[in-house]
Amino acid sequence: MLPFARVTIIGLGLIGSSIARAVRERMPTVRLTGHDADSDVRAVADRMGLCDDIADNAGAAVTDADLVILCVPVGAMGAVAAEIAADLPADAVISDVGSCKAEVARALSEALPGATIVPAHPVAGTEQSGPEAGFASLFQGRWCIVTPIEGGDPVAAERVAEFWRRLGSDVETMAPEHHDRVLAVTSHLPHLIAYTIVGTADDLAEVTQSEVIKFSAGGFRDFTRIAASDPTMWRDVFLTNREAVLEMLQRFSEDLSQLQRAIRWGDGDALFEHFARTRAVRRSIVEQGQDDAAPDFGRTHG
Ligand code: NAP
């Protein structure tokens, strides 16, 4: 039996539209309703037939739902939850896909007292945004982290987990605060570093733009992909997961200083040991099926 029969998606960008496509493919009998604050996005979603219905406002989108998934930037979660509060059916489960969990869980609980809330985070995405960037296989073989709130309904949490398994994800469950510390290291800090490096290169007056672009294959190019990620989404991630990011950034700065010192004092052994350790991390990521083993991310050469 399907975990849900009537699903509403609010926010029809990369993640929301990918969920809609994946539901269509994998649970075709589910009735899908969508809403986005942006009328152009609603028109595109309508034209692409992403959902059975596209509602003009968030309240109207949820009246009949048994699962509502908020797929808006994390800074907008509380406001959207408040918008649907009066229309949300009492037995509906409300979930989200936000990249930070503790603050979103707090915002949803505050806006929807008494509602059945099960926050979740599909650890899958691209640097693109909008309904046209979505695709049905985005979640296939990727993790979805379900972060039940304290005192929440375990049956609802299992239904949300099953929903994600049906979309092709592997599901892991953890506390929202733990999620935020893990993702601060694996996702938020790497994005901050990429944003910094690309900004620094752009600022260097003696390196012309054309040289930066011409020789980007030396490593810079891979940072530019991450640094092209959606500015609204990432502004909200850093403002929302502030504490964990600042803590990881502090540790990163200390480690960077150590490498700086090794370079200054010509300590080749320290550098070699460090790089050998990090190479092993890449190998385990490939072994665990989280990335392709092809050299240079499978780009063609020659
Ligand atoms: P996106 O492509 O920019 O889509 C977000 C959509 O939500 C946009 O169409 C936006 O409209 C709309 N929206 C904004 N505020 C709204 C509101 N108050 N009511 C209704 N719709 C609203 O972003 P995304 O990449 O799908 O990200 C959505 C969520 O998924 C975020 O919370 C993000 O943290 C999470 N997430 C993203 C990734 C990723 O790699 N991208 C991965 C996992 C999780 P406007 O264009 O008018 O703002």
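These numbers were taken from a predicted model, which means no experiment stands behind them. (Residues numbered from 1 in each chain as written. Predicted model: local features only at pLDDT ≥ 70, side-chain atom pairs only at ≥ 80, totals over all residues. Heavy atoms only, no water.)

A. Representation of the site of the ligand within the structure. Neighbouring residues of the ligand: 26 residues in total, closest I15, D36, V72, S99 and G130. Taking I15, its main chain carries an N or O atom lying 2.8 Å from an oxygen atom of the ligand. S99 has a polar side-chain atom sitting 2.6 Å from an oxygen atom of the ligand. Surface burial for the ligand is 82%, taken as the share of its 900 Å² of free accessible area covered by protein chains. Counting residues per element, the ones that place at least two in the shell around the ligand are α1 (14-26), α4 (77-84) and β7 (120-122). When its residues are assigned to classes, the shell around the ligand shows 15 nonpolar, 9 polar and 2 charged. (Near = heavy atom within 4 Å. Polar contact = N/O pair within 3.5 Å; in protein donor to acceptor, adjacent residues only side chain to side chain. Areas by Shrake-Rupley, 256 points an atom, 1.4 Å probe, with all protein chains shown as cover. Helix = DSSP H or I, 4+ residues; strand = E, 2+ residues; numbered from the N terminus. Nonpolar A, V, L, I, M, F, W, Y, C, P; charged D, E, K, R; others polar.)

B. Region of the structure containing the pairing of strand β9 (residues 170-173). Bridge analysis of strand β8 (residues 143-146) against β9 gives 4 bridges, and the strand direction is parallel. Bridge pairing in β9 places C144 opposite V171. (Pairing = 2+ DSSP bridges.)

C. Spatial organisation of the side chain of D36. Among the structural elements, D36 can be located in the loop between β2 (31-35) and α2 (39-48). Within the structure, D36 has its side chain in polar contact with the backbone nitrogen of L12 (distance 2.8 Å). One polar contact links the side chain of D36 to the main-chain amide nitrogen of D38, over a distance of 2.9 Å. Those residues in contact with D36, other than ones at most four positions away along the chain, are G11, L12, G13, V41 and R42. (Contact = heavy atoms within 4.5 Å.)

D. Just the environment of T8, in detail. Residue position: T8 is located in strand β1 (residues 6-10). Exposure remark for T8: the relative accessible area of 2% places this residue in the buried category. Residues T8 and F163, 155 residues apart in the sequence, show an inter-C-alpha distance of 13 Å. (Buried < 20%, exposed > 50% of the residue type's maximum accessible area, 1.4 Å probe, protein only.)

E. Fine view of the pairing of strand β5 (residues 93-96). Across the two faces of β5 the burial is the same, with V93 and S95 and I94 and D96 all buried. Pairing of strand β4 (residues 67-70) with β5 involves 4 bridges; the strand directions are parallel. For L70, the partnering residue across the bridge sits in β5 and is D96. As for the winding sense of the linkage, the β-α-β connection from β4 through α4 to β5 is right-handed. Taken together, the 2 bridges between β5 and strand β6 (residues 116-117) define a ladder with parallel strand orientation. Within the sheet, the bridge partner assigned to V93 lies in β6 and is T116. On the question of chirality, the crossover connecting β5 to the parallel β6 by way of helix α5 (residues 102-111) is right-handed. (Right-handed = clockwise from strand over helix to strand, strands pointing away.)

F. Representation of the domain arrangement of the protein chain within the structure. According to the domain assignment, the protein chain contains domain 1 (6-174) and domain 2 (178-266). Each of domain 1 and domain 2 has a C-alpha centre, and the two are 29 Å apart. The interface of domain 1 with domain 2 comprises 15 residues on the first partner and 15 residues on the second. At the boundary of domain 1 with domain 2, total buried surface from both sides reaches about 1,200 Å², with 68% on carbon and sulfur atoms. Summed over the shared surface of domain 1 and domain 2, the result is 1 salt bridge. Of the charged contacts, one joins R225 and E127 as a salt bridge, the two residues approaching to 3.1 Å between their closest N and O atoms. (Domains from an automatic or database assignment. Buried area = accessible area lost by both parts, 1.4 Å probe. Salt bridge = Lys/Arg side-chain N within 4 Å of Asp/Glu carboxyl O.)

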